[in-house]
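Coordinate analysis (summary)
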Amino acid sequence: MIQNNNKQIPKEIWTQLGAGHKIKMIKAVSDVEEGRLVASTIIEYKNRLHLENKDIAILYRTNAQSRIFEEHLRNRIWPTEFFGGLSFYQRKEVKDLLGYLRLTVNERDDEALKRIINYPNAR
């Protein structure tokens, strides 16, 4: 697929490990279904092929997709690590929004207040 992209920067891709598993293409009608299918496939492969967590990676097109994958994997009690980016829930804007929402539910939530106080700046 990469070599057929005529706008790619030329590079030689290689591995010393030899051939691995083939890429599996899936079709999903929504991002939620895609997350569910990917999580189910990971669990199926992990059980059937006896893969370890270190043998599995998800490469996604945009950071927005990370939340869906993260939620589906967390719902299945699966540890997740993110490389080259943050977990959806570790992003500043998400933490700030959750801080505002927590204060609407509990006005005595000091931790949430400290998170959002003076933000955004009143100018």
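Residues numbered from 1 in each chain as written. Predicted model: local features only at pLDDT ≥ 70, side-chain atom pairs only at ≥ 80, totals over all residues. Heavy atoms only, no water.

**Concerning the overall build of the protein**
Selection criterion: Think of it this way: any DSSP run of H or I at least four residues long counts as a helix, any run of E at least two long counts as a strand, and we number them from the N terminus. Here's how the labels work: a residue is buried when its accessible area is under 20% of the maximum for its type, exposed when over 50%, partly exposed in between, all with a 1.4 Å probe on protein chains only. Accessible areas in this description were obtained via Shrake-Rupley with a 1.4 Å probe; residue shielding takes into account the shown protein chains only.
If you tally the helices and strands in the protein, you get four helices and zero strands. Secondary structure of the protein in N-to-C order comes out as α-α-α-α. Of all 123 residues assigned to the protein, the portion counted as buried reaches 20%. Summed over all atoms, the accessible surface of the protein reaches about 10900 Å², with 55% contributed by carbon and sulfur.

**Brief notes about a nonpolar patch on the surface**
Let me state the cut-off plainly: A patch is a set of surface residues, each over 30% in relative accessible area and not in a salt bridge, joined within 9 Å for like charges and within 5 Å for the nonpolar side chains Val, Leu, Ile, Met, Phe, Trp and Tyr. The term salt bridge refers to a pairing of a side-chain nitrogen on Lys or Arg with a carboxyl oxygen on Asp or Glu at a separation within 4 Å.
Together, Y89, L97, L98 and L101 make up an exposed nonpolar region whose accessible area comes to about 350 Å². Structurally, the position occupied by L101 is in helix α3 (residues 92-105).

**Topic: the environment of E34**
For clarity, the threshold we go by: Should any heavy atoms of two residues lie within 4.5 Å, those residues are counted as being in contact.
Relative to the elements of secondary structure, E34 occurs in helix α1 (residues 31-49). With sequence-adjacent residues up to four places away left out, E34 is seen in contact with I26, A28, R61, Q65 and F69.

**Considering the confidence of the model for the protein**
Threshold: You can read pLDDT as the predictor saying how much it trusts each residue, on a scale of 0 to 100.
The share of residues in the protein with pLDDT of 70 or more is 84%, and the mean pLDDT across the chain is 80. For the protein, helix α2 (residues 65-75) is the element with the lowest average pLDDT, namely 82, and α1 is the one with the highest, namely 89.

**Section: the packing of α1 against α2**
Relative placement of two packed helices is described by the angle separating their axes and the distance separating the axes. Operational definition: Orientation is described by axes fitted as lines to C-alpha atoms, over the contacting stretch for helices, and by angles from 0 to 180 degrees between their N-to-C directions. Here is the rule for angles: anything less than 35 degrees is roughly parallel, anything more than 145 is roughly antiparallel, 65 through 115 is roughly perpendicular, and the remaining ranges are oblique. Take the far helix as your reference; a near helix turned counterclockwise from it by less than a right angle gives a left-handed crossing, and one turned clockwise gives a right-handed crossing. Residue type decides the class: Asp, Glu, Lys and Arg count as charged, Ala, Val, Leu, Ile, Met, Phe, Trp, Tyr, Cys and Pro as nonpolar, and the leftover types, Gly among them, as polar.
Packing of α1 against α2 leaves a shortest axis separation of 9 Å and a crossing angle of 50°. Regarding the angle of α1 to α2, the classification is oblique. Seen from above, α1 lies across α2 with right-handed handedness. Packed against α1, whose contacting residues are D31, V32, E34, G35, R36, V38, A39 and I42, the element α2 presents Q65, I68, F69, H72 and L73 at the interface. In the contact of α1 with α2, the residues fall into seven nonpolar, three polar and three charged.

**What to know about the nonpolar core**
Here is the rule we go by: In these notes, a set of buried Ala, Val, Leu, Ile, Met, Phe, Trp, Tyr and Cys residues joined through side-chain atoms within 4.5 Å is what counts as a nonpolar core.
One finds V38, A39, I42, F69 and L73 forming the largest nonpolar core, which totals five residues. Every element with two or more residues in this core is listed here: α1 and α2. Here this core takes three residues from α1, the largest share from any one element.

**Looking at α3**
The condition that has to hold: Helix span, as expected, comes to 1.5 Å for every residue beyond the first.
Counted at 1.5 Å a residue, the expected span for α3 with its 14 residues is 20 Å, and the 20 Å between its end C-alpha atoms agrees. Among all positions of α3, only V94, D96, G99 and L103 are buried. If you follow the buried residues of α3, they end up packed against α4 (110-116).

**Section: the pattern of salt bridges**
A complete count under the given rule lists seven salt bridges for this structure. The shortest N-O distance in the salt bridge between E44 and R48 comes to 2.9 Å. Separated by four residues within a single helix, E44 and R48 lie in helix α1, roughly one turn from each other. What makes E44 partly exposed here is its relative accessible area of 36%. Here the salt bridges share partners, and the residues they tie into one network are K92, D96 and R115.

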